[in-house]
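Working through the structure, step by step
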Amino acid sequence: MKLWTKARMILFTANFHIFSQTVLSRSFVASFPRILGSAFVNNLSRPLFLGGYRSFHHSQSLSGRNNNKRLGKTDHRVMKMKSSGGPKKGPRKIRNRPANFRADRVLANRGWGSRSESSEALKQKRVKVQKEDGKIETVKGPSDRIGMNDIIFVDGEKVPFIPLLLVYHKPKWVLSVMNDPKGRPTVKDSLPEFFQKQDLHPVGRLDYDTSGLLLFSSNGGLTQKLLHPSHDISKEYVAVVEGTVSDEKLRKQLQDGVQTGEGNHTAELLDVSHLPEEESMGIWKTLRETLPKEYDTEDLEKRGYLKDNNDVPLSRVRLVVSEGKHRMVRRMLANCGHGVVLLHRERHGEVVLGDLDPDKFRDLTPDELEWAKTLIPTTGKQSKGNKK
């Protein structure tokens, strides 16, 4: 009885398939599962005696033959799918991306306050924006759209931009970190409160006992470019060292490479000068007087870090390196026979310290800003810094 039932089902399936291809419209066939039930129609698309599912195109018969091919027709949809290799995958293209952003987002990104504080100020009509034509208009509300680099005023005061890079003259005996558990002075102590709320961070570090140029960045990709040695961004230092330096000898040593605990490093020697005795004595005296309280003068003398100023002459050397490993310049010069007494950085890439006073900040010059923009990665997340 069961065998006879299966045979009848097979014959019914074949007849129905022929009938659906010749008589019934596609709309009727499409609605057939709702008429007879999905469980029954699902069985129509598989040979029951094989016991497994088998899907087929509307142009195929149960035997697997292509009816269109048999009739001399071409199924262009199937051919298109075969030639294209299936659906194409790739990054989603966002069309009609707005050039402007929500006003509360722009104000919060500018560092004026939190998103909720910015939204409240906008609701109270306290925010105005200066358009490209010079007109100043009141922003209607938090959802109003303005440019990320538009000039914004809150309660009549201009909201400053977050700079791409900030130039700082780090004094000696200041740590190049934002916090120190031992309570020693850090660069955060001098950073203006507005920038402390932002993502500005030091670009690398200068040693505790090194002074000079230190950059602050608001762009992580730019920071990576400025620090990684593969990008070959040079840094220029001026060092006061022990002994009477031979220009020719030291130049060759630095050019050939100096072996340190961190590897072999090279540098370019630019200039050498020998300091007069009076100037040397003044440097040693200042060094002793300004030594932080955590240092023991007697211990440093025993270990050879503080010398008798009457016996040790000093020289000044100017050199350029392209790496920035921990105390690398000091180690190189010490391994060449000239211990470093003072170290000062004057240039990082195209940014020059100039006559900036110690513990002071300044913005980039137009030329320095253009150079910095060329280093910004073209892909990745964009920072909040000013790109103008």
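That block above? That's the structure.
Residues numbered from 1 in each chain as written. Predicted model: local features only at pLDDT ≥ 70, side-chain atom pairs only at ≥ 80, totals over all residues. Heavy atoms only, no water.

In this section: the side chain of D104. Assignment of secondary structure puts D104 in helix α6 (residues 103-109). Polar side-chain contacts of D104 include one of 3.2 Å to the side chain of R102. Setting aside chain neighbours within four positions, we find D104 in contact with R115, S118, S119, L122 and P142. (Helix = DSSP H or I, 4+ residues; strand = E, 2+ residues; numbered from the N terminus. Polar contact = N/O pair within 3.5 Å; in protein donor to acceptor, adjacent residues only side chain to side chain. Contact = heavy atoms within 4.5 Å.)

Before going further, it helps to spend a moment on helix α7 (residues 115-123). Regarding α7, the residues found buried are S118, S119, A121 and L122. Buried residues in α7, looked at end-on, bunch into an arc of 165 degrees, giving them a common side. For α7, exposure combined with an orientation more than 90 degrees from the buried face picks out S116 and K123. On its buried face, α7 is in contact with α6 and β2 (127-130). (Buried < 20%, exposed > 50% of the residue type's maximum accessible area, 1.4 Å probe, protein only. Arc of directions from axis to C-beta.)

Let us look at the side chain of K170. Within the secondary structure layout, K170 lies in strand β7 (residues 165-170). The buried charged residue K170 lacks any salt bridge partner; its closest oppositely charged side chain belongs to D209, at an N-O distance of 7.2 Å. One polar contact links the side chain of K170 to the main-chain carbonyl oxygen of V174, over a distance of 2.7 Å. The residues touching K170, leaving out its near neighbours within four places in the chain, are S176, V187, L206, D207, Y208, T210, S211, G212 and L214. (Lys, Arg positive; Asp, Glu negative; His and termini not counted. Salt bridge = Lys/Arg side-chain N within 4 Å of Asp/Glu carboxyl O.)

To continue, consider the sheet that holds β2. Ordered by their spatial adjacency, four strands build an open sheet running β3-β2-β5-β6, and the pairing between neighbours is antiparallel. Whereas interior strands pair on both sides, the edge strands pair on one side only; in this sheet they are β3 (136-138) and β6 (157-158). (Pairing = 2+ DSSP bridges.)

Of all the seven residues making up strand β9 (residues 211-217), seven are buried; the element is thus mostly covered by neighbouring parts of the structure. In this sheet, β9 lies alongside β7 in antiparallel orientation, the contact comprising six bridges. Note that in β9 the partner of V167 across the bridge is L215. Bridge count for strand β8 (residues 201-202) against β9 is two bridges, and the pairing is antiparallel.

Let us now look at the nonpolar core. Counting residues in each nonpolar core, the largest one holds 32 residues, and the members touching the most others are F216, L250, L254, V317, L319 and L333. Of all the elements in the fold, those that place two or more residues in this core are β7, β9, β10 (235-242), α10 (247-256), β13 (268-274), β14 (314-321), α13 (328-335) and β15 (340-348). Broken down by element, the residue count for this core peaks at four residues, all from α13. F216 has contacts with L164, L165, L166, Y168, M178, V187, L191, L200, H201, P202, V203 and F361, leaving out every residue within four places of it along the chain. Counting 17 residues, the second-largest nonpolar core is a separate cluster that includes L164, L165, L226 and I376. (Core = buried A, V, L, I, M, F, W, Y, C linked by side-chain atoms within 4.5 Å.)

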